[in-house]
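# Breakdown of the fold
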Amino acid sequence: MPLTFDLSPEKLATYTGTNPRPQDFDQFWDKALAELDALDPRVQITPAGFQTPFAECSHLWFHGVGSARVHAKLLRPRHAEEPHPAVLMFHGYSGRSPDWSEMLGYVALGYTVAALDCRGQAGLSDDSTVVSGWNLTGHIVRGLDDAPEKLYYRQVFLDTALLARIVMGMDDVDENRVGATGA
């Protein structure tokens, strides 16, 4: 069966969707990143109960926007060349970071791994934002009836940017060899 499309290839190449980009899109994110720049994340790294001979496993805590305490699992190779690459991992909606053992393959190859627990979901991160309106089936719509600064995914996106900054600022990580994966 041949593939069919509603638009020509030329029109598909420039199609921007049915929801236009808001006029203030760049200003919104510039302001959000300025808020992130002014933030003291108060990073804490504490040893985890799970350890291996080749991986140093830790809990990485930081404070994101809105003062939420955010958690990530941090795994570092004990005998890697420095500086070495890193992988940032992000779980899907309503999930949590992978189990420690699921990330050991990256560490065995010499990568640092940081796996975020999105705030207010199944992991260890807090979600301290109070919003007006409803959360019919969960966080995905949280903040729609409130100020744009309280939108749930704005905060998650800023948490991911802050985690990337923290990991890329580590002395043993090559900031030019950091990748991301997730659901």
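Above this text sits the structure in question.
Scope of this entry: the structure provided in the associated data block.

Conventions and cut-offs
Residues numbered from 1 in each chain as written. Predicted model: local features only at pLDDT ≥ 70, side-chain atom pairs only at ≥ 80, totals over all residues. Heavy atoms only, no water. Pairing = 2+ DSSP bridges. Helix = DSSP H or I, 4+ residues; strand = E, 2+ residues; numbered from the N terminus. Axes fitted to C-alpha atoms, helices over the stretch in contact; angles between N-to-C directions. Contact = heavy atoms within 4.5 Å. Expected span 1.5 Å × (residues − 1). Buried < 20%, exposed > 50% of the residue type's maximum accessible area, 1.4 Å probe, protein only. Salt bridge = Lys/Arg side-chain N within 4 Å of Asp/Glu carboxyl O.

## Focus: the sheet that holds strand E3 (residues 69-77)
The strand order E1-E2-E3-E5-E4-E6 describes an open sheet built from 6 strands, whose pairing is mixed. In this open sheet, the two edge strands, each paired with only one partner strand, are strand E1 (44-47) and strand E6 (173-182). On average, adjacent strands in this sheet sit at an angle of 25° to one another, irrespective of strand direction. Sheet topology places strand E4 (residues 84-90) next to E6; 6 bridges connect them, and they run parallel. Paired with His84 across the two strands is Val173, which belongs to E6. Across the sheet, helix H4 (residues 152-168) touches strand E2 (55-63), E3, E4, strand E5 (112-117) and E6, and the angle it forms with E2 is around 130°.

## Structural notes on unusual backbone geometry
With an omega of -10°, the peptide bond running from Glu82 to Pro83 counts as cis. Looking at the element boundaries, Pro83 is found in the loop between E3 and E4. For Arg42, which is not a glycine, the phi torsion comes out positive at approximately 50°. Here Arg42 lies in the loop between helix H2 (25-37) and E1.

## Comments concerning H4
For an α-helix the count is 3.6 residues per turn, leaving residues at separations of three or four pointing the same way. A rise of 1.5 Å per residue sets the reference length of H4, with its 17 residues, at 24 Å; its end C-alpha atoms lie 24 Å apart and thus fit the reference within 8%. Turning to H4, its buried residues are Tyr152, Arg154, Gln155, Val156, Leu158, Asp159, Leu162, Leu163, Ala164, Ile166 and Val167. In this structure, the buried residues of H4 make contact with H2, E2, E3, E4, E5 and E6.

## Let's talk about the pattern of salt bridges
When charged atoms on two side chains of opposite charge get close, those side chains can pair. Scanning the entire structure with this criterion turns up 9 salt bridges. Put simply, Asp26 and Arg21 hold a salt bridge, and the shortest N to O gap is 2.6 Å. Between Asp174 and Arg177 there is a salt bridge, and its shortest N-O distance comes to 3.0 Å. Arg177 gets classed as partly exposed once you look at its relative accessible area, which sits at 42%.

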